[in-house]
Amino acid sequence: MQLDINGLSPAAFLAQYWQKKPLVIRQGFKHFQDLVTPEELAGLAMDELVESRRVYQQAGQWHAEFGPFDSYETLGERDWTLIVQALNNWLPDAEALIQCFDFIPRWRFDDVMVSYATPGGGVGPHIDLYDVFICQGSGRRRWRVGDRGPHREFAAHPALLHTEAFEPIIDVELLPGDILYIPPGFPHDGITLEESLSFSVGYRTASAKDMVGALADHLAEHDLGAQQIEDPDRALSTRSGCVDDRDLTRLRTQLTAMLNDELVSEFSGRYLTQSKCALDLPDEPLEISSDEVLFWLDKQPLIRLGGLRCLYFDLTVAKGTVFIHGERYQLPVALAGLIPALCDMSQLDKATLAPWLTDAAALTQLTEWVNLGYWYFEELSEE
Ligand code: SIN
Ligand code: CO
């Protein structure tokens, strides 16, 4: 699968469009193949672990329902959409699509959302908080995108935030293989012209508000940041009711001094690797021995579980620090070189792992992750 951004280099795309303005990418993918069929999608939406939604209009009224769904009989042949979030958590083939966008790092990546729509179907005009590459699969869809600006938002249904009519700056029909990039804040509306599948590769960051809230929990949990605000250099005060500018600076400086790179990386490594949607993890840890891991590695690579979030920081990777699925793992310094392989690659074959396989600590750690289901052997999982 190869992405062509209208002949632009990824660096030029980032400089000119990313987070700045929408872009229609004609034939971004030549011969694009749907990642799922509508029937497979309907099957996924029957699973209670899979997050799914149906949106439709009836008699001019918008409706939204949350899965699992086992029947579509009442919906008829028109004007409805089925959306499945985090397709990549359940479908290993989605990894190839995400890799096309790996010029943006995975910590920014959210999920691949798939939308199946019948003619007339769509979710209505709305604004998203995330960057999205909407990759058109089978069928045709008309997309209108408006400019950023003040747009009044309202609940068309308790679960559906819409925006009022907007003047389009883009009005296009997307054909299979076309892509529409939309940054946060641009209102948009997609209406299906004929039965359609689209695959949205979405990127999201947290708000400062959410991160500060979670940071406070992190401080409490790890008993950090307990130092008192200090003022040994206090000057004489003549206004007893006033926090003067010097004191205000003192408060801000001492608060922000706590937010050093070490704390921010420790906290955000955990925070950014938490998964919002369920992963296809075993109910109980598996019981695979280190010898079995070695045995299977001779025959096939270890595959990183779809949707598993893992990352490292330039700041701490050489010390052996890696964050996986909301946890920090502290590896021996001698194993630090293994970390980029874990986090940058979706598969680990024997040749890649060879430098570490003779190390007992590395093998034990890998085996623990295999037993947690974080990395898996395809053949074993099919047994
Ligand atoms: C859809 O694919 O139906 C909706 C995608 C979006 O506009 O966010
Ligand atoms: Co949207």
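In what follows, the structure referred to is the one given above.
In this text, all values refer to a predicted model and were calculated from it rather than measured experimentally.

Asks: I'd like a description of the pattern of salt bridges, backed by residues and values.
Replies: Using the criterion set out here, one finds 20 salt bridges in the structure. Between Glu 194 and Arg 140 there is a salt bridge whose closest N-O contact spans 3.2 Å. Taken together, the positions of Glu 194 in strand S12 (residues 188-194) and Arg 140 in strand S7 (residues 140-146) put the pair 54 residues apart, joining distant regions of the chain. Assessed through its relative accessible area of 26%, Arg 140 is described here as partly exposed. Between Arg 250 and Asp 233 there is a salt bridge; the shortest N-O distance is 2.7 Å. Separated by 17 residues along the polypeptide, Arg 250 in helix H5 (residues 245-258) and Asp 233 in the loop between helix H4 (208-221) and H5 bring together distant segments of the chain. Connected via shared salt-bridge partners are Asp 231, Asp 233, Arg 234, Arg 246, Asp 247 and Arg 250.

Asks: Account for the coordination of the cobalt ion (ligand 2), with residues named and values stated.
Replies: His 126 (NE2), Asp 128 (OD) and His 188 (NE2) make up the full set of protein donors to the cobalt ion (ligand 2), lying at 1.9 to 2.1 Å. Here the donor residues for the cobalt ion (ligand 2) map to a single chain with the spacing H-x1-D-x59-H. Residue His 126 is located in the loop between strand S5 (109-117) and strand S6 (131-136), and its partner His 188 is located in strand S12; the two are separated by 62 residues in the primary sequence. Neither residue differs from the other here; His 126 and His 188 are each classed as buried.

Asks: For the side chain of His 188, give the residues involved together with the corresponding values.
Replies: When its relative accessible area of 3% is taken as the criterion, His 188 is described as buried. Setting aside chain neighbours within four positions, we find His 188 in contact with Gly 124, Pro 125, His 126, Asp 128, Trp 143, Arg 144, Val 145, Phe 166 and Ile 182.

Asks: Describe a nonpolar patch on the surface, listing the residues and the values that go with them.
Replies: A grouping of Ile 229, Val 243, Leu 248, Leu 251 and Leu 255 is seen on the molecular surface, where their side chains present a nonpolar patch of about 460 Å² in accessible area. Positionally, Leu 251 belongs in helix H5. Using a relative accessible area of 38% as the deciding quantity, one classes Leu 251 as partly exposed.

Asks: How would you sum up unusual backbone geometry? Please name residues and give values.
Replies: Here Gly 67 and Pro 68 are connected by a cis peptide whose omega angle stands at 5°. Mapping Pro 68 onto the fold places it in the loop between strand S3 (61-66) and strand S4 (80-84). Despite not being glycine, His 31 has its phi angle at roughly 55°, a positive value. Its identity as a non-glycine residue notwithstanding, Asp 79 has a phi of 65°, on the positive side. Here Asp 79 lies in the loop between S3 and S4. Its relative accessible area of 29% is what places Asp 79 among the partly exposed residues.

Asks: Lay out the side chain of Thr 163 with the relevant residues and their values.
Replies: Within the fold, Thr 163 resides in strand S9 (residues 160-163). You can call Thr 163 buried: its relative accessible area is 1%. Among the polar contacts made by the side chain of Thr 163, one reaches the main-chain carbonyl oxygen of Arg 152 at a distance of 3.3 Å. Sequence-distant contacts of Thr 163, defined by excluding residues within four places in its chain, comprise Pro 125, His 126, Ile 127, His 151, Arg 152, Glu 153, Phe 154 and Pro 187.

Criteria and cut-off values
- Residues numbered from 1 in each chain as written.
- Chains lettered and ligands numbered in written order.
- Predicted model: local features only at pLDDT ≥ 70, side-chain atom pairs only at ≥ 80, totals over all residues.
- Heavy atoms only, no water.
- Salt bridge = Lys/Arg side-chain N within 4 Å of Asp/Glu carboxyl O.
- Helix = DSSP H or I, 4+ residues; strand = E, 2+ residues; numbered from the N terminus.
- Buried < 20%, exposed > 50% of the residue type's maximum accessible area, 1.4 Å probe, protein only.
- Donors = N, O, S within 2.8 Å, 3.2 Å for Na, K, Ca; no water.
- Contact = heavy atoms within 4.5 Å.
- Patch = residues over 30% accessible without salt bridge, like charges linked within 9 Å, V, L, I, M, F, W, Y side chains within 5 Å.
- Areas by Shrake-Rupley, 256 points an atom, 1.4 Å probe, with all protein chains shown as cover.
- Polar contact = N/O pair within 3.5 Å; in protein donor to acceptor, adjacent residues only side chain to side chain.

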